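Commentary on secondary and tertiary structure
Spelled out, the chains give:
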Amino acid sequence: MAGTWRATRRLVRMLWHIVQGIRLVRNGFNHLDAHAQQREVEHWAQGFLRKAGIALQVEGLPIAANPVLWVANHQSWLDIPTLHAARYCRFVSKAEIAKWPLVGHLARSVGTLFIQRGSRRETQRIVQTMTEALQQGDSLAVFPEGTVGNGRDLLPFYGNTLQAAIDADVPIQPVGMTFVDARTGQASYAPCEAWQDEPIVHSLWRTLKTDHLVAVVRYGTPEKANGRDRRAWASDLRACVEALRQPATETVEPVAKLR
């Protein structure tokens, strides 16, 4: 019963936080300069995690001053706000998200690039759009697995979107994400799919009922293609992300709580 009440309180707080985010983008967000917008997005995402009862721990240093393509594993519905909380970026995301109630409006407002999966022409279009954005100095993020995994196994990486980093001649920085129990330092899969195509409401409720949950984001070493084609680079980056998903220490420090 305690877990149910905890989840209910957190859900109400999260929904109110989303409403506050929509108010922000409708009232003055577009009049802020780029740096101020990025700070607002980071602050909102950090608040979202806090309302969900999740702490954040960041390891490594994300590229801050130069354009970069971040390549991360996709393990749950929390991945986008988690990465935004660690460092603002423009996401390349599936087109369906743009139609989601509330969340779709927020995603469009913070510069998300949407891609219609399964269309070669659409893939070429999004790669061109990504290349132009990188050339203009933006920082982008993609999930090369192409779909959400189960948090335990890393799916194969598709290299299509990596072509944008090659064409723009910018580095890619691998990012590994995990969830852990702050008390034990052991992996937690509460926010992940328990089975393929599990309804998001199930993992959402399971997450909100879970206490002592920490989202860990580990940034790896940036690298350029150095002559590799996108397929070879995708394979190498997958190995990097897999390594970053492994715990660096036996336990997670309890200082990860968001302030």
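Residues numbered from 1 in each chain as written. Predicted model: local features only at pLDDT ≥ 70, side-chain atom pairs only at ≥ 80, totals over all residues. Heavy atoms only, no water.

Here the focus is the packing of aromatic side chains. Counted under the stated rule, the structure contains three aromatic pairs. Just above the ring of Tyr189 sits the side chain of Arg152; from NZ or CZ to the centre is 3.9 Å. (Phe/Tyr/Trp six-rings, centres within 6.5 Å; stacked < 30°, edge-to-face > 60°. Lys NZ or Arg CZ within 6 Å of the ring centre and 35° of its normal.)

The next point concerns the side chain of His17. Examined against the element boundaries, His17 turns out to sit in helix H1 (residues 2–26). Since its relative accessible area comes to 13%, His17 is described here as buried. Engagement of the side chain of His17 in a polar contact is seen with the backbone oxygen of Trp44, the distance being 2.8 Å. Setting aside residues no more than four positions away along its own chain, His17 makes contact with Trp44, Gly47, Phe48 and Lys51. (Helix = DSSP H or I, 4+ residues; strand = E, 2+ residues; numbered from the N terminus. Buried < 20%, exposed > 50% of the residue type's maximum accessible area, 1.4 Å probe, protein only. Polar contact = N/O pair within 3.5 Å; in protein donor to acceptor, adjacent residues only side chain to side chain. Contact = heavy atoms within 4.5 Å.)

Quick look at unusual backbone geometry now. A positive phi angle is found at Asp169, which is not glycine, with a value near 55°. Among the secondary structure elements, Asp169 is positioned in the loop between helix H6 (163–168) and strand S6 (172–181). Judged by its relative accessible area of 51%, Asp169 is exposed. Here the phi dihedral of His212 falls at roughly 65°; this positive angle occurs in a residue that is not glycine. Here His212 lies in the loop between helix H7 (200–209) and strand S7 (213–219). Its relative accessible area of 35% is what places His212 among the partly exposed residues.

A separate point is the environment of Trp44. Along the polypeptide, Trp44 turns up in helix H2 (residues 34–51). The sequence separation of Trp44 and His17 amounts to 27 residues, and the corresponding C-alpha distance is 8.1 Å. Dropping the residues within four chain positions of it, Trp44 is found in contact with His17, Ile18, Gly21 and Leu106.

A separate point is the nonpolar core. Within the largest apolar cluster, 39 residues are counted, with the highest numbers of intra-cluster contacts made by Ile54, Trp70, Leu83, Val175, Met177, Val217 and Tyr219. Sorting the residues of this core by element identifies H1, H2, strand S1 (54–59), strand S2 (68–72), helix H3 (79–86), S6, H7 and S7 as the ones contributing at least two each. Counting 25 residues, the second largest nonpolar core, distinct from the first, contains Ile115, Val127, Val142 and Leu237. (Core = buried A, V, L, I, M, F, W, Y, C linked by side-chain atoms within 4.5 Å.)

As a further point, take the side chain of Ser203. With respect to the secondary-structure elements, Ser203 resides in helix H7. Each residue touching Ser203, except ones within four places of it in the same chain, is listed here: Trp77, Ala190, Pro191, Cys192 and Glu198.

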